[in-house]
There are 2 protein chains.
Amino acid sequence: MAYRVAVVGATGAVGEAMIAELERSTLPIAELVPMASARSAGKTVAFRGAEVPVVEATPEAFSGVDLALFSAGGQTSRALAPEAVRRGAVVVDNSSAFRLEDRVPLVVPEVNAEALADHRGLIANPNCSTIQMVVALAPLRERYGLRRIVVSTYQAVSGAGRRAVDALRFESGRWLEGEGFVPEVLPVASLPVKYPIADNVIPQIDRFEPNGFTFEEMKMVRETQKIFGDPALEVAATCVRVPVTVGHSEAVTVELEEAPASMEDVVEALRAAPGVVVWDDPTAQRYPTPMLVRGERDVYVGRIRRDLFRPNVVHLWVVADNLVKGAAWNAVQIAETLEEKGLLRVPAAEGDR
Amino acid sequence: MAYRVAVVGATGAVGEAMIAELERSTLPIAELVPMASARSAGKTVAFRGAEVPVVEATPEAFSGVDLALFSAGGQTSRALAPEAVRRGAVVVDNSSAFRLEDRVPLVVPEVNAEALADHRGLIANPNCSTIQMVVALAPLRERYGLRRIVVSTYQAVSGAGRRAVDALRFESGRWLEGEGFVPEVLPVASLPVKYPIADNVIPQIDRFEPNGFTFEEMKMVRETQKIFGDPALEVAATCVRVPVTVGHSEAVTVELEEAPASMEDVVEALRAAPGVVVWDDPTAQRYPTPMLVRGERDVYVGRIRRDLFRPNVVHLWVVADNLVKGAAWNAVQIAETLEEKGLLRVPAAEGDR
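Remember, it's a predicted structure, so these values are computed and weren't measured experimentally.

Undergrad: I'd like to hear about the overall build of chain A, residue by residue, with values.
TA: For chain A, the helix and strand inventory stands at nine helices and 14 strands. Dimensions of chain A, computed from the C-alpha atoms along their principal axes, are close to 60 × 55 × 40 Å. Per-residue burial over chain A gives 63% buried out of 353 residues. Long-range pairs, those at least 24 residues apart, make up 67% of the contacts in chain A with a sequence separation of at least 6. As displayed, chain A offers around 12600 Å² of accessible surface, 49% of which is attributable to carbon and sulfur atoms. Considering chain A, the positive charge centre built from 37 side chains and the negative charge centre built from 47 side chains are found 2 Å apart.

Structure below.
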């Protein structure tokens, strides 16, 4: 069987990356159906040598679609993802709309593919920052147990969409020429206060919650707990936007249940883990940076070192392409995993057909 | 009495900032003596409306100098600072050469001015990243006790000198034009491997130590312990260079001996602390960024929040101008403090005169 695959938000930064991942996917694809808002309908996207017209994302457009990858924001997902499932499409949703719902699996295939088993047509793709962190921590969790995570992020602007990338480039040009500008996009397009990102860093990603953490920081808490199936796992995050187009970096401090016998043992656990590349050699100044990982599906880990005071605490530097493993590849990887497991169909009770 | 004040490394990024701080200092200055290597001798620097010639830094040049601010690297400090003291100059040294020596006070005036009491002519200025962190943590230490610090830094390139600022600008221009370039300066000019800093972040500042931490990270451990006079204080740092010209940011997680009664109590302690500005209001999207603090002497603290799981753990976002409070102002502030305490002289046993 070959599938009709829709990408919702096909003209966005993640949508474009999803189409690129589908191009190199092992999934048998009969047809690509790029969807977007009415404004973008009529544009075309390139797919395997053809120019494919973008159609407006409406409930009816999902008729005959087998798989729909959503990345057009929470509002679009809330409005259309249930409609797509009702029409028989398995949805992998990249928004935060359904991630924490009990009956929606939240999946990083290397970590918790088993959660796909009883899906009901809708699977959630985790937040980009969460994905790369759990890929790196899963092997340590398995070998030593995880008690607590403290993470500081260095997040690329592409995580905030194409407009934010354009803003970084525009602002950088003005900055280099010594000219002023009015920041218009970051930290959050829909909130009133804007800050420059060129020659600056911004410690706000998404809106604030009443507890003083941002929604992005709380995603890292709640999603990590759900993916690991451990509601008692302690996570503390500070999420920061940096003037980088693509590639999220994270300084991760992890408190393990059990102290590793040696750091070689930690490195071995990481090396053996799927989706992880250990890129770590201080004597050769080897460690990952955003530049290294662009276009890569793997999560790169370096700066692996034991805490100076607590033998059960380890520090890591984790870098991945936020558009690839952090979004598009993880979504396509979920679809490939469903296909391999014979699960790429909406259970009879959920769809109309 | 008015002083003859030398600035060694007067043409560097920090030297220039030192001269700017001396211009607005309350210290009575009879004469500024800018010094640099033979290569820069003959240039002039502007000071209070005059163009002052730069002289070569030699042992003899310190004759008649009362106060010498050094910022020309560890090698120059090791060679010339003792010579300056021997000739009667009180030295405030911004290099790491003497910071950990037992008989050298390592001083942040807001935190441990009392350490100046029995100086022997040479006072060390701490590392930029350490200074802003201890200013922010001193009031919490006093009120609740400090047990452990985990810090991730977002450090500006000016911390690596003028060449690194030039490199960021050059690389940014090439990046915007889509042209390649060969990185030549960062992370460490004297080490073989170089990485781009435009559109990138680099998790290495200074060379690596055998324990896997960088020297910069170990400075934050050892200097913080020394400044607080607490060799058991646990500090874990990840130091990262970001594409920002001026202004270091730090995500600081601090484990206190005692859980604060409320976060209002924490904010009050910070507000009352000298050299600290609390800049924190999530509802107004108020938090410090590098752009906010440029040219400021104070350390700005925002994102103040209690850990979700451990009541004795607090998270802070700490931003300061690395050239001002992180280097030049702290050095001039040490000199002003010495003057106020009647200590701006080399004790008889140390100098020759």
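That shown, we press on.
Undergrad: Describe in detail the interface of chain A and chain B, supporting the description with residues and values.
TA: Counting residues at the interface gives 70 residues for chain A and 70 residues for chain B. Between chain A and chain B, the buried area comes to about 5600 Å², and carbon and sulfur atoms account for 59% of it. Applying the counting rule to chain A against chain B returns 12 salt bridges. Across the salt bridge formed by R148 of chain A and D307 of chain B, the nearest N and O atoms sit 3.1 Å from each other. Secondary structure elements with two or more residues in the side of chain A that touches chain B: strand 9 (146-154), helix 5 (162-176), helix 6 (215-228), strand 10 (234-238), strand 11 (248-256), helix 8 (290-293), strand 13 (299-306) and strand 14 (313-320) of chain A. Partitioning the side of chain A that touches chain B into residue classes produces 39 nonpolar, 17 polar and 14 charged.

Undergrad: Requested: an account of the sheet that holds strand 10 of chain A, with residues and values cited.
TA: Across a sheet, strands are paired by hydrogen bonds formed along the backbone, either parallel or antiparallel in direction. All names here are of chain A. Spatially, 10-9-11-14-13-12 is the arrangement adopted by the six strands of the open sheet, whose pairing is mixed. The two strands at the open ends of the sheet, each matched to only one other strand, are strand 10 and strand 12 (276-278). Sheet twist, expressed as the mean angle between neighbouring strand axes with direction ignored, is 25°. Here strand 9 pairs with strand 10 via five bridges, running parallel.

Undergrad: Tell me about the UniProt feature "domain: Semialdehyde dehydrogenase NAD-binding" (unreviewed entry) in chain A, residues and numbers included.
TA: Under the UniProt annotation, the feature "domain: Semialdehyde dehydrogenase NAD-binding" (unreviewed entry) is placed at residues 4-119 of chain A. Helix makes up 24% of residues 4-119 of chain A and strand 27%. Its end C-alpha atoms lie 20 Å apart.

Undergrad: Could you give me a rundown of the pairing of strand 1 (residues 3-8) of chain A, with the residues and numbers involved?
TA: Residues and elements named next belong to chain A. Among the six residues in strand 1, five count as buried, and that is most of the element. Read from strand 1 through helix 1 (residues 13-23) to strand 2 (residues 29-36), the crossover connection turns out right-handed. Taken together, the four bridges between strand 1 and strand 6 (residues 67-70) define a ladder with parallel strand orientation. Across the sheet, V5 pairs through a bridge with L67, a residue of strand 6.

Undergrad: With reference to specific residues and values, describe the packing of aromatic side chains.
TA: As enumerated under the stated definition, the model contains 11 aromatic pairs over all chains in all. Aromatic pair W279 of chain A and Y300 of chain A: ring centres 6.0 Å apart, planes at 70°, arrangement edge-to-face. Taken together, the residues W279 of chain A in the loop between strand 12 and helix 8 and Y300 of chain A in strand 13 connect sequence positions 21 residues apart. We classify W279 of chain A as partly exposed; its relative accessible area is 25%. On the basis of relative accessible area, Y300 of chain A is assigned to the buried category, the value being 8%. Of note, R169 of chain A hangs over the ring of W175 of chain B, and the distance from its end group to the ring centre comes to 5.0 Å.

Undergrad: Break down helix 5 of chain A for me, citing the residues and quoting the values.
TA: Here helix 5 of chain A contains 15 residues, and its C-alpha end-to-end distance of 21 Å stays within 8% of the 21 Å for a straight helix at 1.5 Å per residue. Residues of helix 5 of chain A that are buried include every one of A164, V165, A167, L168, E171, S172, G173 and W175 of chain A, and no others. The secondary structure elements touched by the buried residues of helix 5 of chain A are helix 5 (162-176) of chain B. Positive backbone phi, at 70°, marks G178 of chain A, one or two positions downstream of helix 5 of chain A.

Undergrad: Account for the pairing of strand 6 (residues 67-70) of chain B, with residues named and values stated.
TA: Residue and element names in this part refer to chain B. With burial as the criterion, each face of strand 6 is covered, one bearing L67 and L69 and the other bearing A68 and F70. Here strand 6 runs beside strand 7 (residues 90-93); their pairing, made up of four bridges, is parallel. By the bridge assignment for strand 7, F70 is matched with D93. With respect to chirality, the unit in which strand 6 leads through helix 2 (residues 74-86) into the neighbouring parallel strand 7 is right-handed.

Undergrad: If you had to explain the pattern of salt bridges to someone new, which residues and values would you point to?
TA: Residue and element names in this part refer to chain A. Under the defined criterion, the tally for this structure stands at 47 salt bridges over all chains. E223 serves as the salt-bridge partner of R99, at 2.9 Å between the closest nitrogen and oxygen. Of this pair, R99 sits in the loop between strand 7 (90-93) and helix 3 (109-112) while E223 sits in helix 6; the two residues are 124 residues apart in sequence, bridging distant segments of the chain. Given the relative accessible area of 4%, R99 is considered buried. The class of E223 is buried, set by a relative accessible area of 2%.

Undergrad: Can you lay out the environment of V240 of chain A for me, pointing to particular residues and giving the numbers?
TA: If you trace the backbone, V240 of chain A turns up in the loop between strand 10 and strand 11. Residue V240 of chain A is classed as buried on the basis of its relative accessible area, which comes to 0%. Measuring from C-alpha to C-alpha, the distance between V240 of chain A and D265 of chain A comes to 31 Å, with 25 residues separating the pair along the chain. With near-sequence residues (within four places) excluded, V240 of chain A lies in contact with T153, Y154, Q155, V201, I202, P203 and I205 of chain A together with Y154 and W317 of chain B.

Undergrad: Tell me about the side chain of Q333 of chain A, and please be specific about residues and values.
TA: Residue and element names in this part refer to chain A. In this structure, Q333 sits in helix 9 (residues 324-340). Among the polar contacts made by the side chain of Q333, one reaches the side chain of K325 at a distance of 2.5 Å. Residue contacts for Q333: discarding those within four places in its chain leaves P109, E110 and K325.

Undergrad: Outline the packing of helix 5 of chain A against helix 5 of chain B, listing residues and values.
TA: Across the interface, helix 5 of chain A lies against helix 5 of chain B with an axial gap of 10 Å and an inter-helix angle of 130°. Accordingly, the angle class assigned to the pair helix 5 of chain A and helix 5 of chain B is oblique. In the packing of helix 5 of chain A onto helix 5 of chain B, the handedness of the crossing is left-handed. Where helix 5 of chain A approaches helix 5 of chain B, its residues L168, R169, S172, G173, W175 and L176 of chain A are matched on the opposing element by L168, R169, S172, G173, W175 and L176 of chain B. Here the contact of helix 5 of chain A with helix 5 of chain B is composed, by residue class, of six nonpolar, four polar and two charged.

Reading the values: the criteria
Residues numbered from 1 in each chain as written. Chains lettered and ligands numbered in written order. Predicted model: local features only at pLDDT ≥ 70, side-chain atom pairs only at ≥ 80, totals over all residues. Heavy atoms only, no water. Helix = DSSP H or I, 4+ residues; strand = E, 2+ residues; numbered from the N terminus. Buried < 20%, exposed > 50% of the residue type's maximum accessible area, 1.4 Å probe, protein only. Contact = heavy atoms within 4.5 Å. Areas by Shrake-Rupley, 256 points an atom, 1.4 Å probe, with all protein chains shown as cover. Lys, Arg positive; Asp, Glu negative; His and termini not counted. Charge placed at Lys NZ, Arg CZ, Asp CG, Glu CD. Buried area = accessible area lost by both parts, 1.4 Å probe. Salt bridge = Lys/Arg side-chain N within 4 Å of Asp/Glu carboxyl O. Nonpolar A, V, L, I, M, F, W, Y, C, P; charged D, E, K, R; others polar. Pairing = 2+ DSSP bridges. Axes fitted to C-alpha atoms, helices over the stretch in contact; angles between N-to-C directions. UniProt positions renumbered as here; feature names shortened; annotations may be inferred. Right-handed = clockwise from strand over helix to strand, strands pointing away. Phe/Tyr/Trp six-rings, centres within 6.5 Å; stacked < 30°, edge-to-face > 60°. Lys NZ or Arg CZ within 6 Å of the ring centre and 35° of its normal. Expected span 1.5 Å × (residues − 1). Polar contact = N/O pair within 3.5 Å; in protein donor to acceptor, adjacent residues only side chain to side chain. Parallel < 35°, antiparallel > 145°, perpendicular 65-115°, else oblique. Left-handed = near helix turned anticlockwise from the far one by under 90°.

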